[in-house]
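Residues per chain are reported as follows:
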Amino acid sequence: MNILVIGGMYPPMRTGTAFYTQNLSLALQARGHRVTVISLEVDETIEDLGLDVRRLPAIRLPMKNFFKHFRICSLYPGNWFRVRSIADEIDADAVLLVNHYLDIAFPAVFAARRKRIPLLCSVGTQLQSLNPKRDRILNFLDRLICGRLVFPFCSRVIAWDTQIRKYLFDVQGEKLADKTVVVNYGVSGDPSRLLAASHDYRTKGIIVGVGAVSEQRSFVPLVRAFALLHAELPGLRLRIVGHIYYDEAIKVAHALGVGNAVTFLGELPHEQVVMEMSGADVFYSSLTGKYTAMGTATVEAMLLAVPTVANTPLDLLGTGTMENGRHLVQSLDFEPAHIAACIRPLLLDEALRRTVGQGGRDFVSRHLNWQIVAKDMERVLQESLENG
């Protein structure tokens, strides 16, 4: 198949969606498909790893404290025709749009409609807020814009996991039920280098959290839990990696007297993120919104065999079911005492760290690798072609 993959975020942007787009494209190409990627221009340069990547001009809006990577491309009329022209040039059989909420979706719809080929939308991001009023506004905009201008033109909507599917049904209604399918995601890059890493389970006294520090991933509950643990283990340190949109966790750390033991490292190159995770006793992940998931960093930590504590539903993938205490430690409550109680045994017991770390690696290796994801995506693409 000739597949046109379109996404508003792509490396060197360091987001889960950007890495998903690159890795899925590489995996589909490795299966013998001709893959062309369309994304947006960026200031940095990066090796495209053998992929045919085309960049569209875009306006970068100054929204540093809200959405670092926000760009507008559909205001350039030429972009609509560039996308259509590329679809014609490669004789695309299908268009695969990655995420639905950025304005690059509209040129993707235009190209698929004009060429009369299937449009599939792969959704990995929920638009949600902890503020009830803002959450209702986001849901309304999602229904109004995406529900009318994107999803009706999709032959398939692909949810990365069962929480994304639930979000889509809650916001868009059951009208998406017949066209939505779950296809999982995989670890960024070549998993062999992560699998080759030999994790040292001797006590290091380090907890690591990774992800953009935002309202949905504030890290405030973790900082409060860390303060409880630090009182028992004074040498304990917490290191948080990710662009800081929301500084409440920093304020809380200083207010609780653990500011010197908590380090906010900001956004780091991917290799440094991997090093930070590899050097930790425990990796902690949680989303504080209505819908939770297992992000790219969590998958990588598990593949590195780092014991992971997360508020992830055990049936998240819709395929294999994780086991609490074997593949990860599930922490569903945001009360600091509860989080501390989930982390404490891992800090104190090397054998438990090894059990959970190796169990997480085994689970991810079986269920979250790009070879399986690409094969599943290939099947969905083929079905869309056969059904017209």
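As the structure is a computational prediction, the values presented were derived from the model and not from experiment.

Visitor: Sorry, what's going on with the pairing of strand 13 (residues 282-285) here?
Guide: Strand residues, when the strand is regular, have side chains that alternate between the two faces of the sheet. The two faces of strand 13 match: Val282 and Tyr284 on one face and Phe283 and Ser285 on the other face are all buried. Bridging between strand 10 (residues 206-210) and strand 13 involves three bridges; their strand directions are parallel. What sits directly across from Val208, in strand 13, is Phe283. Between the parallel elements strand 13 and strand 14 (residues 308-310), the chain passes through helix 10 (residues 296-303) in a crossover that is right-handed.

Visitor: Even after reading the chapter, I still don't get the side chain of Ser331, so can you show me in this structure?
Guide: Structurally, Ser331 can be placed in the loop between strand 15 (329-330) and helix 11 (336-348). The contact partners of Ser331, leaving out residues within four places of it in the chain, are Val309, Ala310, Asn311, His338, Ile339 and Cys342.

Visitor: Whenever I open this one, the packing of aromatic side chains confuses me. Can you help?
Guide: Summed over all chains, the structure comprises six aromatic pairs. Taking 4.0 Å as the distance between ring centres and 20° as the angle between the ring planes, the aromatic pair formed by Tyr20 and Trp160 counts as stacked. On the criterion of sequence distance, the pair formed by Tyr20 in helix 1 (residues 16-30) and Trp160 in the loop between strand 8 (156-159) and helix 5 (162-172) is long-range, its members being 140 residues apart. On the basis of relative accessibility, which here comes to 2%, the residue Tyr20 falls in the buried class. Owing to a relative accessible area of 9%, Trp160 belongs among the buried residues under this scheme. Through successive ring pairs, a cluster of aromatic residues spans Tyr20, Trp160, Tyr185 and Trp370.

Visitor: Help me understand the pattern of salt bridges, please; the structure alone is not making it clear to me.
Guide: Pairing between side chains of opposite charge can happen when the charged atoms of each approach one another. Within the structure shown, the criterion is met by 14 salt bridges. We note a salt bridge from Asp88 to Lys115, for which the minimum N-O separation is 3.7 Å. Taken together, the positions of Asp88 in helix 2 (residues 77-89) and Lys115 in helix 3 (residues 105-115) put the pair 27 residues apart, joining distant regions of the chain. The exposure class assigned to Asp88 is partly exposed, which follows from its relative accessible area of 34%. A salt bridge links Glu350 to Arg354, with the shortest nitrogen-to-oxygen separation between them at 3.8 Å. Taken as a pair, Glu350 and Arg354 lie in helix 12 (residues 350-367) at a separation of four residues, close to a single helical turn. Where salt bridges share partners, they join Arg84, Asp88, Asp91 and Lys115 into one cluster.

Visitor: Would you take a moment to explain the sheet that holds strand 11 (residues 237-241) for this structure?
Guide: Strand pairs in the sheet, formed through backbone hydrogen bonds, run parallel or antiparallel to each other. Pairing is parallel across the open sheet formed by six strands, whose spatial order is 12-11-10-13-14-15. At either margin of the open sheet sits one strand with a lone partner, and together these are strand 12 (262-266) and strand 15. When strand 13 meets strand 14, the two strands line up parallel, connected through three bridges. Paired with Ser285 across the bridge in strand 14 is Ala310. Across the face of the sheet, helix 7 (residues 220-232) comes into contact with strand 10, strand 11, strand 12 and strand 13 while running at roughly 165° to strand 11. Helix 11 rests against strand 10, strand 13, strand 14 and strand 15 of the sheet, and its axis sits at about 160° to strand 13.

Visitor: How should I be thinking about the packing of helix 9 (residues 270-278) against helix 10 in this particular structure?
Guide: It is the contact of helix 9 with helix 10, at a shortest axis distance of 10 Å, that shows an interaxial angle of 55°. Taken together, the axis directions place helix 9 and helix 10 in an arrangement best described as oblique. The element helix 9 and its partner helix 10 pack so that their crossing is right-handed. Listed contacts from helix 10 to His270, Val274 and Met277 of helix 9 are Ala297, Glu300 and Ala301. Residues of the contact of helix 9 with helix 10, tallied by class, amount to four nonpolar, one polar and one charged.

Visitor: Even after reading the chapter, I still don't get the environment of Cys154, so can you show me in this structure?
Guide: Residue position: Cys154 is located in the loop between helix 4 (132-149) and strand 8. For the pair Cys154 and Leu119, spaced 35 residues apart in sequence, the C-alpha to C-alpha distance is 4.9 Å. Dropping the residues within four chain positions of it, Cys154 is found in contact with Leu119, Cys121 and Lys179.

Visitor: Any chance you could explain a nonpolar patch on the surface here in plain terms?
Guide: There is a patch of nonpolar side chains on the surface, built from Ile137, Phe140, Leu141, Leu144, Ile145 and Leu149 and spanning about 500 Å² of accessible area. Turning to its location among the elements, Ile137 is positioned in helix 4.

Visitor: I tried to follow the nonpolar core on my own but got confused; where do I start?
Guide: Side chains of nonpolar character tend, in soluble globular proteins, to be buried together. One finds Tyr185, Met277 and Met377 to be the most contacted residues of the largest nonpolar core, which totals 52 residues. Broken down by element, this core gets its largest block of residues, six residues, from helix 13 (residues 370-387). Aside from chain neighbours lying at most four places away, what touches Met277 is His199, Val208, Val210, Phe283, Ala297, Glu300, Ala301, Leu304 and Val306.

Calculation rules
- Residues numbered from 1 in each chain as written.
- Predicted model: local features only at pLDDT ≥ 70, side-chain atom pairs only at ≥ 80, totals over all residues.
- Heavy atoms only, no water.
- Buried < 20%, exposed > 50% of the residue type's maximum accessible area, 1.4 Å probe, protein only.
- Helix = DSSP H or I, 4+ residues; strand = E, 2+ residues; numbered from the N terminus.
- Pairing = 2+ DSSP bridges.
- Right-handed = clockwise from strand over helix to strand, strands pointing away.
- Contact = heavy atoms within 4.5 Å.
- Phe/Tyr/Trp six-rings, centres within 6.5 Å; stacked < 30°, edge-to-face > 60°.
- Salt bridge = Lys/Arg side-chain N within 4 Å of Asp/Glu carboxyl O.
- Axes fitted to C-alpha atoms, helices over the stretch in contact; angles between N-to-C directions.
- Parallel < 35°, antiparallel > 145°, perpendicular 65-115°, else oblique.
- Left-handed = near helix turned anticlockwise from the far one by under 90°.
- Nonpolar A, V, L, I, M, F, W, Y, C, P; charged D, E, K, R; others polar.
- Patch = residues over 30% accessible without salt bridge, like charges linked within 9 Å, V, L, I, M, F, W, Y side chains within 5 Å.
- Areas by Shrake-Rupley, 256 points an atom, 1.4 Å probe, with all protein chains shown as cover.
- Core = buried A, V, L, I, M, F, W, Y, C linked by side-chain atoms within 4.5 Å.

The values reported here are purely geometric and, on their own, carry no functional implication.
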